[in-house]
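Architecture at a glance
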Amino acid sequence: MMVHEVMQIIKKFEAEARYGKKGLNKKVKYIEVMEIPHVDKWNVKETLILTSFYAIKDDEQAQINIVKSFIELKASGLIIKLGRFIDEIPPSIVQLAEEHHFPIITLPKDVPYIDILTPLYAKLQQSTDDRLIEEIEGKSYENVTTILQDIYKSFGLVMYIENMNGELLYCAHKLKSDKWRNDFTLFSLPTYEQTEMYVQKFNTEFETYEKHACIYSEALKRMVVTLFAKGKKYGLLHIVYERNKQKELLMDTEIFRLVDKIHITMMAEIVSLQMQKGEFIERWNYLEDEKDLKMVIHLDQLNITEAIGYHTFLRKSLILLSHIENMMKHLTEVKDYIVMERNENVFVLVWINHREATSIELKHQWKKQQPRTLLENVKIGISYPFIDTTSIIEKVDNTAKVIEIGKDLGLNSTVYDQSELGISSILLNLQKDPHVNDFVHYMMLPLQQMEADLIETLKVYLAENCNASRTAKVMYLNRRTITYRLKRIREIMNIDLNDAKTIFSLQFCFYMMND
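What comes next is a walk through the structure.

Reading guide: rules and limits
- Residues numbered from 1 in each chain as written.
- Predicted model: local features only at pLDDT ≥ 70, side-chain atom pairs only at ≥ 80, totals over all residues.
- Heavy atoms only, no water.
- Salt bridge = Lys/Arg side-chain N within 4 Å of Asp/Glu carboxyl O.
- Helix = DSSP H or I, 4+ residues; strand = E, 2+ residues; numbered from the N terminus.
- Buried < 20%, exposed > 50% of the residue type's maximum accessible area, 1.4 Å probe, protein only.
- Pairing = 2+ DSSP bridges.
- Axes fitted to C-alpha atoms, helices over the stretch in contact; angles between N-to-C directions.
- Contact = heavy atoms within 4.5 Å.
- Parallel < 35°, antiparallel > 145°, perpendicular 65-115°, else oblique.
- Left-handed = near helix turned anticlockwise from the far one by under 90°.
- Nonpolar A, V, L, I, M, F, W, Y, C, P; charged D, E, K, R; others polar.
- 1 Å grid on protein atoms, 1.4 Å probe; cavity = no way out; pocket = protein on both sides within 12 Å on 5 of 7 lines; lining within 4 Å.
- Points joined across faces, edges and corners; volume = space filled by probe spheres on them.

In this structure the tally under the stated criterion is 20 salt bridges. Between Asp 178 and Arg 222 there is a salt bridge whose closest N-O contact spans 2.4 Å. Of this pair, Asp 178 sits in the loop between strand S7 (168-171) and helix H6 (195-205) while Arg 222 sits in strand S9 (residues 222-229), placing them 44 residues apart in sequence. The exposure class of Asp 178 is buried, given its relative accessible area of 13%. For Arg 222, a relative accessible area of 1% translates into the label buried. With its nearest N and O atoms 2.3 Å apart, the salt bridge here joins Asp 336 to Arg 283. Of this pair, Asp 336 sits in strand S12 (residues 334-342) while Arg 283 sits in helix H8 (residues 255-284), placing them 53 residues apart in sequence. What makes Asp 336 partly exposed here is its relative accessible area of 28%.

Structural data, given as structure tokens:
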């Protein structure tokens, strides 16, 4: 807002721009009422000051000094009430105002400050919003998450983007309580009891392209904007308000300047991610030349299957790539990475900064950053560090099994490190050995002739360290039944259950069978 705009608002109160009129184009960012003489302690740059000179009404030199200070500190101008404590502006102040183009506006003594401050603050807020929107429009954002973060910092508006199925794609600030959803993890669905009705409404409300098509919901405290690309719907932008000022901004058409900037940013990011994905594939084909230390990170149970009928350009695999990219920026151990898909699962091959790095360091960094992202609840497996990539597919598959082993061992974590799984990790590498598979097949072939209750008894018996009494207790059977079943197992498999090597072989085979 400019000083001349202030005049347009308050002229109805008989305000008059008396002196320093050449400065009416000065910018006003703040408006303050000031009745104390210690201006040097105030930051008044681009501030329009209202005063009656009450504290210095009888000291003309102090009045001159304070105006000098305002000018030196680059204040926007001065509004003075005349007739209450001073009747006229001293000539020396008039001279300062004219020389420095410092606007001095006079106001009748009977005009309450509140009457002029209310419309001025409203205009100032609007001007501040315009300025912040202009700043956001003028920036180049590398991804959608950063622009959503910027909008939250500027306006306190929480925004998140879902696909047309309601799955969460982007969110920069997680709400503690939100009527629409209580889960802010990637691809999570809304939890609102009337979700299905609303999602259907979003999908049917705007069948054809309509610029800035949106729905307001007072009950959900939000505006939901339908996002289009090439005439087809691809997503829903939720803009959530908590305070009346935020609600007023949503009702102003200026909000769509932010919506347009988000859309442009998303289009640019998707194109960039598509190119990056192509580069990852190309680099994957030339891994044999890579001699740096590497590790594999497997992301577990992320559903990247596309729903039928939705816009194909906004692929979930690309959205996931965006969030992985944000995560990787904060992992100081990682020098470079590529993201690939295998068997509908996603894994990351990372290059480590130095040869002495361990997977434990990478694990700690991931766990520290994870709560700040939409990948908060995603379980990952981390491989041993390695250099040779000739058996990279095997390493990828083994890393996928690291999570299963960690769960079987009762580890409750979101990050499973192969180096911390002990002998289980070593046995994992034997599962593809043809000699091992032949041995397991031969050893366990008699199981095909056994009833299910005998197989279960054998498993429990081995798990209870070959103690028949404990086996009976665990299975809620009497000891005589267990003894009979063990006798039948010995006969069918032709084995000695008192032989340590036989017991080890059975335990090994069951493990290799993931059973």
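We now examine the sheet that holds strand S4 (residues 77-82). The mixed open sheet is built from 5 strands, whose spatial order is S1-S5-S4-S3-S2. With partners counted over all chains shown, the strands left at the sheet margins are strand S1 (16-19) and strand S2 (30-33), one partner each. Taking each pair of neighbouring strands and ignoring which way they run, the sheet shows an average axis angle of 25°. One ladder, built from 4 bridges, connects strand S3 (residues 47-51) with S4; its direction is parallel. Bridge pairing in S4 links Thr 51 to Ile 80. Helix H4 (residues 113-138) contacts S2, S3, S4 and strand S5 (104-108) of the sheet and is inclined by roughly 160° relative to S2.

Before going further, it helps to examine the sheet that holds strand S10 (residues 232-240). Taking strand neighbours across the sheet as the criterion, the 5 strands line up as S7-S6-S10-S9-S8 in an open arrangement whose pairing is antiparallel. Single-partner strands in this sheet number two, and they are S7 and strand S8 (214-217). Between one strand axis and the next, the sheet turns by 20° as a mean value, whatever way the strands run. The pairing of S8 with S9 spans 4 bridges and is antiparallel. For Cys 214, the partnering residue across the bridge sits in S9 and is Val 225.

Attention now goes to the packing of helix H13 (residues 434-444) against helix H17 (residues 500-512). Running from N to C, H13 and H17 cross one another at 115°; their axes reach a closest spacing of 10 Å. Accordingly, the angle class assigned to the pair H13 and H17 is roughly perpendicular. The crossing of H13 and H17 is left-handed. Here Val 436, Phe 439, Val 440, Met 443 and Met 444 of H13 come into contact with H17, specifically with Thr 502, Ser 505, Leu 506, Phe 508, Cys 509, Phe 510 and Met 512. When its residues are assigned to classes, the contact of H13 with H17 shows 10 nonpolar, 2 polar and no charged.

Here the focus is the layout of surface pockets. Where empty space is left in the structure can be found by rolling a water-sized probe over the atoms. Looking at the largest pocket, its volume works out to about 570 Å³. Lining the largest pocket are 22 residues, with Ala 122, Gln 125, Gln 126, Asp 129 and Lys 245 sitting closest to its centre. Going through the elements one at a time, H4, helix H5 (144-155) and helix H7 (244-251) are the ones with two or more residues in the lining of the largest pocket. Taken together, the residues that form the lining of the largest pocket break down as 7 nonpolar, 6 polar and 9 charged.

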